[in-house]
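Coordinate inspection notes
As a plain string of letters, each chain reads:
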Amino acid sequence: ARHMSTDLQPVINIDTVVPGVVKPNEPFKATWSMNVPPDDQPRQLQVTFLTDDARLLLCDHLTDETPVEKTIQVTPGQRVSKTTTLHVRLRKGLRNEGSRDGTGAPLTLHARIDSGSDRVYVSPGFDIEVAELAKRTATKVFI
């Protein structure tokens, strides 16, 4: 019944983000954990961090690279917990994305596991706030 358990795949979760309000270009730490099923095989997994806000680029704070991708070696039944230091940058060419009153905009952070095949697992969203960023306007629908 080995083929029955193919649904069991590593799951990832973002546990904490410090500080709670993130400033553009300043580092913040995301602590995340991954649980690897006991009947998995030892392998390398790719972890990528994503945001739902197209105005922002999520960067690895140490290398300034985007997207933020980490390759980790996992073993069956392992629980991995790591902290990754990131920062956000506004995409070039954006105008008037600063908030007038200095308030922040909510942002959702996700971590995605790519297992090399077409199987992808995306973590539940973790909500953070980006300081001095204008809130996204609700999309207007014209009928």
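These remarks concern the structure in this document. (Residues numbered from 1 in each chain as written. Predicted model: local features only at pLDDT ≥ 70, side-chain atom pairs only at ≥ 80, totals over all residues. Heavy atoms only, no water.)

In total, this model carries one aromatic pair according to the counting rule given. Between Trp32 and Phe49, the aromatic rings sit 6.0 Å apart at their centres with planes inclined by 70 degrees, giving edge-to-face as the arrangement. Here Trp32 is found in strand E3 (residues 28-35), whereas its partner Phe49 is found in strand E4 (residues 43-51), with 17 residues between them in sequence. Residue classification places Trp32 among the buried residues on the basis of a relative accessible area of 1%. (Phe/Tyr/Trp six-rings, centres within 6.5 Å; stacked < 30°, edge-to-face > 60°. Helix = DSSP H or I, 4+ residues; strand = E, 2+ residues; numbered from the N terminus. Buried < 20%, exposed > 50% of the residue type's maximum accessible area, 1.4 Å probe, protein only.)

Take the nonpolar core next. Counting 28 residues, the largest nonpolar core has Phe28, Met34, Phe49, Val88 and Leu109 as the members making the most contacts within it. Among the secondary structure elements, those contributing two or more residues to this core are strand E1 (11-18), E3, E4, strand E5 (56-60), strand E6 (68-74), strand E7 (79-90), strand E8 (105-114) and strand E10 (126-130). In terms of residues, this core owes the most to one element, E8, which gives five residues. Once you skip the residues sitting within four places of it in the chain, Phe49 turns out to touch Trp32, Leu58, Val68, Thr84, Leu86, His110 and Ala111. (Core = buried A, V, L, I, M, F, W, Y, C linked by side-chain atoms within 4.5 Å. Contact = heavy atoms within 4.5 Å.)

Let us now look at the sheet that holds E3. Taken together, four strands build an open sheet; the order of strands is E1-E3-E7-E5 and the sheet is antiparallel. Edge positions in the sheet fall to E1 and E5, since each of these pairs with one other strand and no more. Taking each pair of neighbouring strands and ignoring which way they run, the sheet shows an average axis angle of 35 degrees. (Pairing = 2+ DSSP bridges. Axes fitted to C-alpha atoms, helices over the stretch in contact; angles between N-to-C directions.)

This paragraph deals with the environment of Pro67. When you line up the elements, Pro67 lands in the loop between E5 and E6. The class of Pro67 is partly exposed, set by a relative accessible area of 45%. As for Pro67 and Leu50, which are separated by 17 residues in sequence, their C-alpha atoms are 7.6 Å apart. Not counting residues up to four positions away in its chain, the partners in contact with Pro67 are Thr48 and Leu58.

Cis peptide bonds are those with omega within 30 degrees of zero, and the linkage from Val18 to Pro19 qualifies with -5 degrees. Positionally, Pro19 belongs in the loop between E1 and strand E2 (21-22). Omega for the bond connecting Thr66 with Pro67 falls within 30 degrees of zero, at 0 degrees, which places this linkage in the cis form. Residue Glu132 is not a glycine yet carries a positive backbone phi of 60 degrees. Take Glu132: it is sitting in the segment after E10. Of the residues examined, Glu132 reaches a relative accessible area of 47% and is grouped as partly exposed.

Geometric descriptors of this kind do not, in isolation, establish any biological role.
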